[in-house]
Amino acid sequence: MKEIKIQKADKQDIDAVMQLMMEAKQKVKDPQWFAMDNRDYVEKRVKKHGFILKACQEGKIVGFFIVDIPGREKENLGYDLGYSEEKLEQVVHMDYAVVSKEAQGYGLQKRFVEEAEKRLCKTKYKYFLATVHPDNVYSRRNMVQMGYREAKQLLKYGGMPRIIMEKKKTDDFRF
């Protein structure tokens, strides 16, 4: 496989991100594993409410990772964990990774999370949260291997079972 580079996405990448998202929704092993977002959500993450990382191979986007900064929006997973108002302002959602079929098996989910954490290392954000379907052993294992703990299991996204994964940035948080 040719080299895959991870970079920050911008507005011109939104169509490719949406296309990959549609393909993932159609091909996912279990439809409850993937809660697809809309174009408006993606555009806001590119512009100001977080960022999107893209994996490129020979000029083609073969995967992406959305990082959401929810602030005090009701979707902030910190509410589900009983976070204080102060902690809610320090939450980042490691929202989700999508990797095309041809790029699977090369550790891109881990690379995406590591790059996102690296970019957030010197920011005010201390609580990295994500959700994973309880049966998605691949993502669940990856998150645990990267230092995330299973904080709470509940129904999210219109009644789909999810585990909230949590990682707290500490003073010795290094890359």
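Computed from a prediction, not measured in an experiment: that's the story for all the values here.

**Describing the overall build of the protein**
- In terms of regular secondary structure, the protein is built from 6 helices and 7 strands.
- N-terminal to C-terminal, the α/β element order of the protein is β-α-α-β-β-α-α-β-α-β-α-β-β.
- Taking 175 residues into account, the globule formula puts the C-alpha radius of gyration at 16 Å, and the protein, at 15 Å, falls close to it.
- Overall, the C-alpha framework of the protein stretches about 45 × 35 × 30 Å when taken along its three principal axes.
- Buried residues in the protein amount to 48% of all 175 residues.
- Residue pairs at least 24 apart in sequence account for 68% of intrachain contacts in the protein once pairs closer than 6 positions are excluded.
- When the accessible surface of the protein is totalled, it reaches about 9,600 Å², and 46% of it is carbon and sulfur.

**Focus on the pairing of strand S6 (residues 149-156)**
- Relative to strand S7 (residues 160-168), S6 runs antiparallel, the two sharing 7 bridges. Across the sheet, residue lysine 152 finds its bridge partner in S7, namely isoleucine 164.
- Two successive antiparallel strands, S6 and S7, enclose a turn made up of 3 residues, where tyrosine 157 displays a positive phi of approximately 50°.

**Focus on the sheet that holds strand S4 (residues 91-99)**
- Overall, mixed pairing links the 7 strands, which are arranged S1-S2-S3-S4-S5-S7-S6 in an open sheet. The strands lining the two open edges of the sheet, one partner per strand, are strand S1 (5-8) and S6. Ignoring strand direction, the axes of neighbouring strands in this sheet form an average angle of 25°.
- With 3 bridges connecting them, S4 and strand S5 (residues 127-132) associate as parallel partners. Across the sheet, residue valine 91 finds its bridge partner in S5, namely tyrosine 127.
- Each of S1, strand S2 (50-57), strand S3 (60-68), S4, S5 and S7 is contacted by helix H5 (residues 108-120), which is oriented at about 135° to S2, the strand it contacts most.
- Here helix H6 (residues 137-145) sits on the sheet and contacts S5, S6 and S7; the angle it forms with S7, its principal contact strand, is near 15°.

**Topic: the packing of aromatic side chains**
- What the rule picks out here adds up to 3 aromatic pairs.
- An angle of 65° between the planes, with centres 6.2 Å apart, marks the rings of phenylalanine 64 and tyrosine 96 as edge-to-face. A residue pair is termed long-range when its members are at least 10 positions apart, and phenylalanine 64 in strand S3 and tyrosine 96 in strand S4 qualify at 32 residues.
- According to the relative accessible area criterion, phenylalanine 64 is buried, its value standing at 0%.
- What makes tyrosine 96 buried here is its relative accessible area of 12%.

**Digging into the confidence of the model for the protein**
- Averaged over every residue, the pLDDT of the protein is 87; the share at 70 or more is 90%.
- Of all helices and strands in the protein, the one with the weakest mean pLDDT is helix H2 (residues 39-47) (73), whereas helix H3 (residues 77-80) scores best (98).

**Considerations on the pattern of salt bridges**
- A complete count under the given rule lists 9 salt bridges for this structure.
- Of the charged contacts in the structure, one is a salt bridge between lysine 156 and aspartate 80, with a shortest N-O distance of 2.7 Å. Taken together, the positions of lysine 156 in strand S6 and aspartate 80 in helix H3 put the pair 76 residues apart, joining distant regions of the chain.
- Glutamate 115 is paired through a salt bridge with arginine 119; the nearest N and O atoms lie 2.9 Å apart. Pair noted here: glutamate 115 and arginine 119 are both in helix H5, with a separation of 4 residues, about one helical turn.
- Arginine 119 sits in the partly exposed class, given a relative accessible area of 36%.
- Beyond isolated ion pairs, a larger network of salt bridges with shared partners links Arg72, Glu85 and Glu89.

Rules used throughout
Residues numbered from 1 in each chain as written. Predicted model: local features only at pLDDT ≥ 70, side-chain atom pairs only at ≥ 80, totals over all residues. Heavy atoms only, no water. Helix = DSSP H or I, 4+ residues; strand = E, 2+ residues; numbered from the N terminus. Rg over C-alpha atoms; globule rule 2.2 N^0.38 Å. Buried < 20%, exposed > 50% of the residue type's maximum accessible area, 1.4 Å probe, protein only. Contact = heavy atoms within 4.5 Å. Areas by Shrake-Rupley, 256 points an atom, 1.4 Å probe, with all protein chains shown as cover. Pairing = 2+ DSSP bridges. Axes fitted to C-alpha atoms, helices over the stretch in contact; angles between N-to-C directions. Phe/Tyr/Trp six-rings, centres within 6.5 Å; stacked < 30°, edge-to-face > 60°. pLDDT = per-residue confidence, 0-100. Salt bridge = Lys/Arg side-chain N within 4 Å of Asp/Glu carboxyl O.

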